Amino acid sequence: MTDLYGLDLHTRDNGSSRVPLDILRTVFGHKEFRGPQAEIVSHVVAGGDAIVLMPTGGGKSACYQIPALCREGVGVVVSPLIALMHDQVAALRQVGIRAAALNSSLSDQERTEVRADLRAGRLDLIYVAPERLMLPSFLEFLDGARIALFAIDEAHCVSQWGHDFRPEYMKLEMLGERFPGVPRIALTATADPQTQQDIRRRLRLDNARMFLSSFDRPNIRYAITLKDEPRRQLLSFIAGAHKGESGIVYCLSRAKVEDTAAWLSIQGINALPYHAGLDAALRRRNQDAFLKTEGLVLVATIAFGMGIDKPDVRFVAHLDLPGSLEAYYQETGRAGRDGLPAETLLLYGMQDLVLRRRMIDDGEAPEDVKRVEQSKLEALLGICETAGCRRQALLSHFGETLAEPCGNCDGCLDPVETFDGTVAAQKAISAAVRTGQRYGVGHLIDVLLGVSNEKTVRQGHDSLPTFGIGKDFDRKEWSSIFRQLVVLGLMEVAHDSYGALRATEAARPILRGEKPVRLRRDKSSSLKRALKTAVKARAVDFASTLAPETARIFEALRAERSKLAKEQSVPPYVIFHDSTLIALASRKPRTLDDFTDIPGMGQKKIERYGAAVLAVLAAGAN
Ligand code: ADP
Ligand code: ZN
């Protein structure tokens with residue numbers, strides 16, 4: 001095992017100091033530390049505890065992997081998900097780090113081997129699930145081992161506040177007492193202050209230094225659009241700019257997941273379903289296919305996601321409204337972990353709002369929790385209806401200020417017009433008031449447009465003064481107006497099964513003409529709009545920005561990577577990230593020495609794959 005994975009790095013006889021930056025360069029093939037990484041690493045190498053809050057893709061792993069290599073002994077990494085461990089271990093082995101995972105999926109023999117390696121000091125990193133770490137037998141075993149550090153990944157799992165609470169995480173509090181002097185580093189991409197506090201308190205990280213990064217993900221493009229013809233919108237989004245790329249499509253219900261996946265397949269897009277109702281084996285197979293196949297679309301409920309470490313997810317689309325802004329940010333955040341451009345699309349409509357409201361109301365949660373959920377939902381709607389930069393609005397919700405509009409969201413790229421909507425708002429609100437505040441948006445629009453149908457006539461609404469006064473807008477425009485009035489707090493959706501719209505107290509000054517309202521003008525064909533954004537997005541699609549010859553070499557390298565990955569049955573990104581392939585394709589190194597400047601090409605990868613890569617490049621040059 002040592003020979004297979006060992007680097008010179010592991011000649012530890014003199015306990016010589018290994019310099020973090022050298023490890024970053026020779027092992028991982030990265031030139032410089034990014035953001036707070038350098039500071040975190042030196043803090044932990046020196047034995048300090050740390051709490052690290054960094055967005056997905058920010059580079060958390062290096063923060064514990066490098067200190068584990070610098071310090072004597074094995075780094076113990078607590079991670080909640082077995083599937084994730086395997087990939088991480090595979091990726092570490094690729095770069096020559098002696099890593100193993102200890103979990104229930106191992107055979108007895110494999111387990112014995114891992115233990116033997118651990119005892120003999122032949123491991124740099126060991127990944128364990130929290131419940132296994134806490135087994136008395138395992139703790140005793142660790143007592144006799146030399147431990148470099150404890151890394152507690154996905155540390156937000158210790159907090160009941162979040163949605164990923166895992167009771168086993170609570171027990172990790174005793175690590176500090178049982179293993180004094182061993183630094184502990186807790187890491188998460190969940191930022192809210194309540195979770196931060198819980199991590200510090202529950203893991204007894206009283207003296208840990210907190211490293212808080214910006215949560216902005218500049219490489220992700222945000223777009224939010226009215227749900228008009230969702231399937232066609234989705235198709236033009238995928239086929240327009242993301243053909244052949246990996247992506248996730250989120251739907252609310254299992255049935256819709258299945259239908260959408262089947263429909264996409266018929267449209268020639270390689271798509272598979274994933275939801276909690278699928279047979280466990282099939283679910284695993286589909287997840288595995290998503291990780292290992294290039295260019296697969298996974299259509300999923302939110303059951304899919306946490307711990308999806310795939311770095312090259314190029315797009316995330318939501319066909320239904322997520323439950324909160326936090327969920328939206330987390331789900332879209334699964335795109336572009338590798339830092340390359342990625343795109344997101346959220347489709348939403350009034351029906352989504354009504355449905356979400358009802359889900360909260362009908363839920364089991366106590367009243368105060370429901371109120372929090374409602375307000376979280378409203379915060380999300382606020383972002384949907386914002387006329388400005390989405391990223392500014394998003395980050396401000398998370399307590400960060402972005403001084404300038406981002407230039408990489410639909411609000412910035414395709415600004416919406418706003419108009420004086422005071423009169424429109426008055427008409428809409430009086431339609432609700434005059435009809436007794438008991439009707440949903442469809443009927444109110446019928447009244448405004450003066451539609452004589454069974455319901456308007458039966459209720460006598462065709463003789464109201466509001467009947468037919470709204471002909472200056474069409475049906476879609478009115479639904480946009482109603483939605484905005486809800487978001488602005490001027491109307492509310494009743495907590496009944498019809499989704500009746502009612503005027504709120506805040507609507508009074510509007511009706512009396514004392515206060516103006518500005519509304520955004522949603523173009524009535526949002527499909528055209530979605531297409532327009534998708535076409536624009538193509539310009540940032542990284543592969544298509546390459547020169548044709550470079551793109552061809554990129555494809556050839558991709559094929560070689562697939563072959564190598566298959567041989568070892570690991571996901572392709574475990575061999576090389578796309579960014580490495582792009583650098584190879586554009587810089588075309590000619591000798592092994594030229595590889596040192598290529599990101600992601602550490603010593604071990606040069607040894608292993610250098611020759612194969614040079615062969616592809618040489619063939620491509622002809
Ligand atoms: P996280 O766990 O925070 O989501 P990862 O540790 O998986 O993020 O890192 C995300 C990506 O950034 C990976 O592709 C990784 O190789 C890359 N990365 C990490 N640190 C650096 C660095 N210092 N320079 C360049 N790339 C880096
Ligand atoms: Zn913007």
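See the structure shown above.
Keep in mind that this is a model prediction, so the values were computed, not measured. (Residues numbered from 1 in each chain as written. Chains lettered and ligands numbered in written order. Predicted model: local features only at pLDDT ≥ 70, side-chain atom pairs only at ≥ 80, totals over all residues. Heavy atoms only, no water.)

Caption draft 1: View of the overall build of the protein chain. In terms of regular secondary structure, the protein chain is built from 30 helices and 18 strands. Its C-alpha atoms give the protein chain a radius of gyration of 27 Å, within 12% of the compact-globule value 25 Å for 622 residues. Structurally, the protein chain occupies a C-alpha span of about 95 × 65 × 45 Å along its principal axes. In the protein chain, the proportion of contacts linking residues at least 24 apart, taken out of those at least 6 apart, comes to 72%. By element, 52% of the accessible surface of the protein chain is carried by carbon and sulfur atoms, the whole surface being about 26300 Å². Distance from the positive charge centre (81 side chains) to the negative charge centre (78 side chains) of the protein chain: 2 Å. (Helix = DSSP H or I, 4+ residues; strand = E, 2+ residues; numbered from the N terminus. Rg over C-alpha atoms; globule rule 2.2 N^0.38 Å. Contact = heavy atoms within 4.5 Å. Areas by Shrake-Rupley, 256 points an atom, 1.4 Å probe, with all protein chains shown as cover. Lys, Arg positive; Asp, Glu negative; His and termini not counted. Charge placed at Lys NZ, Arg CZ, Asp CG, Glu CD.)

Caption draft 2: Region of the structure containing unusual backbone geometry. Of note in this structure, E154 is not a glycine but carries a positive phi near 50°. Summarising the element assignment, E154 is placed in the loop between β5 (147-152) and α9 (167-170). E154 gets classed as buried once you look at its relative accessible area, which sits at 18%. (Buried < 20%, exposed > 50% of the residue type's maximum accessible area, 1.4 Å probe, protein only.)

Caption draft 3: Structural context of the site of ligand 1. Lining the immediate surroundings of ligand 1 are 14 residues, of which E32, G57, S61, R337 and H577 lie closest. Here R34 contributes a side-chain N or O atom positioned 3.0 Å from an oxygen atom of ligand 1. G59 places a main-chain nitrogen or oxygen 3.1 Å from an oxygen atom of ligand 1. Split by residue class, the shell around ligand 1 holds two nonpolar, eight polar and four charged. (Near = heavy atom within 4 Å. Polar contact = N/O pair within 3.5 Å; in protein donor to acceptor, adjacent residues only side chain to side chain. Nonpolar A, V, L, I, M, F, W, Y, C, P; charged D, E, K, R; others polar.)

Caption draft 4: Region of the structure containing the pattern of salt bridges. Evaluated as defined, the whole model comprises 38 salt bridges. A salt bridge links D312 to K310; its shortest N-O distance comes to 3.2 Å. Neither residue differs from the other here; D312 and K310 are each classed as buried. Taken together, the shared-partner salt bridges connect E294, R314, D338, E555, R558, R561 and D578 into one network. (Salt bridge = Lys/Arg side-chain N within 4 Å of Asp/Glu carboxyl O.)

Caption draft 5: The arrangement of the nonpolar core in detail. Counting 87 residues, the largest nonpolar core has L133, W478 and F482 as the members making the most contacts within it. Broken down by element, the residue count for this core peaks at six residues, all from helix α20 (residues 422-434). If we skip the residues at most four places from it in the chain, W478 touches A424, K427, A428, I445, L448, L449, G470, D472 and F473. Counting 41 residues, the second largest nonpolar core, distinct from the first, contains I248, L291, L557 and Y573. (Core = buried A, V, L, I, M, F, W, Y, C linked by side-chain atoms within 4.5 Å.)

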